[in-house]
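One-letter residues, chain by chain:
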Amino acid sequence: MELKNIKKIQDLDLKNKTVLVRVDYNVPLENGVVSNNKRITATEKTIKYLLDNNCKIVLMAHLGRPKGKVNPEFSLKPVAPEVEKIFGVKVHFASDCIGKPAQDAIKAAKNKEIVLLENLRFHPEEEANDANFAKELAKNGEVFVQEAFGTVHRAHASTSAIAKLLPGGIGFLVQKEVEFLGDALANPKRPFAAVIGGAKVSDKIMVLNTLIDKVNVLVIGGGMAYTFLKAQGFTTGKSLMEADKIEEAKAVLAKAKSKGVEILLPVDNVCSTEFSNDTPVMTTKDANVPDGQMGLDIGPKTIELFDKKLLECKTIFWNGPVGAFEMSNFEKGSFAIAKTMAAATKKGAVTIIGGGDSLNVLKKAKMKTSEMSHCSTGGGASMEFVEGQELPGLVALAK
Ligand code: AMP
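Overview of the structure. (Residues numbered from 1 in each chain as written. Predicted model: local features only at pLDDT ≥ 70, side-chain atom pairs only at ≥ 80, totals over all residues. Heavy atoms only, no water.)

## Remarks on the nonpolar core
Burial of nonpolar side chains together is a common tendency in soluble globular proteins. Leu117, Leu137, Leu211, Leu218, Phe228 and Phe317 are the most contacted members of the largest nonpolar core, which has 70 residues in total. Ignoring sequence-local partners within four residues, the contact set of leucine 117 consists of Leu20, Val58, Leu59, Met60, Leu76, Phe93, Ala94, Asp96, Cys97, Ala102 and Asn140. One finds Leu12, Leu63, Val89 and Leu116 within the second-largest nonpolar core, a separate group that totals 30 residues. (Core = buried A, V, L, I, M, F, W, Y, C linked by side-chain atoms within 4.5 Å. Buried < 20%, exposed > 50% of the residue type's maximum accessible area, 1.4 Å probe, protein only. Contact = heavy atoms within 4.5 Å.)

The following block contains the structure:
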């Protein structure tokens, strides 16, 4: 997608102004306290830039899925003290994102202070991209900054309709996302490998088809690998296998062949009889999964094969675990991918994690996001970006 026509925060006239910033503070809460503040710290550069420019910052965000109804369980109020702690300035909380509560909080705040507005999704108009609701939101600021990469693939009032009403641009986090994901695909250092895992082929078919035009090596693991193995004539037992996707898998394999893209699939599997951590585990001697067994992770020979190939690559993009890593019996393969990528980063390769569950792998393996060149903060958004889809939250800002 064309990004040339989108202004960056550095291009905006915002000195001393009230700046309305869409952030992705959809953070986990435990007993009313933020248990992981990564999404807040990820916006630090933008918030500091605005404070340095003597702005009054008005943050709008969503939390969870309150489905258009006020629900205290999804209130952003507990997030305010965390924002205050991280940025070291006073944070005023507004009990509604529009109307008098918002206006009063904004009036009470001074420049170099922050107002956090209540959950946007308490209003059904937010997800409906309602123009009147966007008008109400726009009353909360003079300039709009899009800093919520995790929601740019949604056409919502706070990401799309609002961009037509105020001068606006993208913050530093969105810029970094777009540069990494964009550059990796447009000008990758080669060889370029993509590792695609996860449960279903149907969720990843678009990204596979796009990546095949870009990569030198395509590594396929996870539940989706079994449809590909079936397409190649292997047995898949009780594994997650989408019979109606075999033809599409065959087409991907044929396209790869015609383009000279190397495809790596599991050559052995860690299996069990059930999708459970409590049933006996066995490792197959080859890619075939016997009757009654379910492939739940890549086996040791596959780990070795993937590791060797990936360490030859200069760019690696990863989305989706290569096993049911939530269960300790089936975490080894996904942990190995994460470790190999960290080793590749050290060797100078550009390593990118495309958000979502792969980041949970990193967390479970007690690894740091800093061990990769870039970890996207938007799962769905990064996949749609890689697929080459137009992202409404960016399109709206293109003038
Ligand atoms: P996705 O959201 O499509 O990236 O899928 C992630 C999910 O795929 C995780 O919850 C994994 O447990 C699951 N997964 C990965 N490998 C397998 C497998 N071999 N069988 C079943 N589920 C799997």
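There's plenty left to go through after this.
## Quick look at the environment of isoleucine 220
You can see isoleucine 220 is positioned in strand β10 (residues 217–220). As for isoleucine 220 and alanine 194, which are separated by 26 residues in sequence, their C-alpha atoms are 8.4 Å apart. When residues no more than four places from it in sequence are discounted, the contact partners of isoleucine 220 are Ile196, Leu208, Ala225, Phe228, Ile263, Leu264, Leu265, Pro266 and Phe306. (Helix = DSSP H or I, 4+ residues; strand = E, 2+ residues; numbered from the N terminus.)

## Overview of the layout of surface pockets
The calculated volume of the largest pocket comes to roughly 1,400 Å³. Looking at the largest pocket, it is lined by 50 residues, and the ones nearest its centre are Arg39, Leu359, Ser376, Thr377 and Gly378. Looking at the lining of the largest pocket element by element, the count peaks at five residues for helix α13 (residues 357–364). For the lining of the largest pocket, a count of residues per class yields 11 nonpolar, 24 polar and 15 charged. Of the pockets and cavities examined, the second largest pocket occupies roughly 420 Å³. What lines the second largest pocket is a set of 24 residues, among which Gly198, Ala199, Gly223, Leu240 and Gly323 lie closest to the centre. Grouping the amino acids of the lining of the second largest pocket by side-chain chemistry returns 10 nonpolar, seven polar and seven charged. (1 Å grid on protein atoms, 1.4 Å probe; cavity = no way out; pocket = protein on both sides within 12 Å on 5 of 7 lines; lining within 4 Å. Points joined across faces, edges and corners; volume = space filled by probe spheres on them. Nonpolar A, V, L, I, M, F, W, Y, C, P; charged D, E, K, R; others polar.)

## Notes on the packing of helix α7 (residues 172–186) against helix α14 (residues 379–386)
Between α7 and α14, the shortest axis-to-axis distance is 10 Å and the interhelical angle comes to 35°. Considering how the two elements wind past one another, α7 and α14 form a crossing that is right-handed. Of α14, the residues touching α7 (which contributes Val178, Leu181, Gly182 and Leu185) are Ser382, Phe385 and Val386. For the contact of α7 with α14, a count of residues per class yields five nonpolar, two polar and no charged. (Axes fitted to C-alpha atoms, helices over the stretch in contact; angles between N-to-C directions. Left-handed = near helix turned anticlockwise from the far one by under 90°.)

## Here's the deal with the sheet that holds strand β13 (residues 281–283)
Spatially, the three strands line up as an open sheet ordered β13-β12-β14, and their pairing is antiparallel. Each having just a single partner strand, β13 and β14 (294–298) make up the two edges of the open sheet. Averaged over all neighbouring strand pairs, the angle between strand axes comes to 35°, with direction disregarded. Strand direction decides the pairing type here: strand β12 (residues 269–272) and β14, joined by four bridges, are antiparallel. Bridging from a neighbouring strand, serine 272 pairs with methionine 294 of β14. (Pairing = 2+ DSSP bridges.)

## Some remarks on the pattern of salt bridges
In this structure the tally under the stated criterion is 15 salt bridges. A salt bridge links aspartate 13 to lysine 17, with the shortest nitrogen-to-oxygen separation between them at 3.4 Å. Residue lysine 17 is classed as partly exposed on the basis of its relative accessible area, which comes to 24%. Residue aspartate 213 pairs with lysine 259 through a salt bridge whose shortest N-O separation is 3.3 Å. Here lysine 259 lies in helix α10 (residues 246–259) and aspartate 213 lies in the loop between α8 (201–211) and β10, a separation of 46 residues in the sequence. Among the charged side chains, a network of salt bridges with common partners joins Asp213, Lys255 and Lys259. (Salt bridge = Lys/Arg side-chain N within 4 Å of Asp/Glu carboxyl O.)

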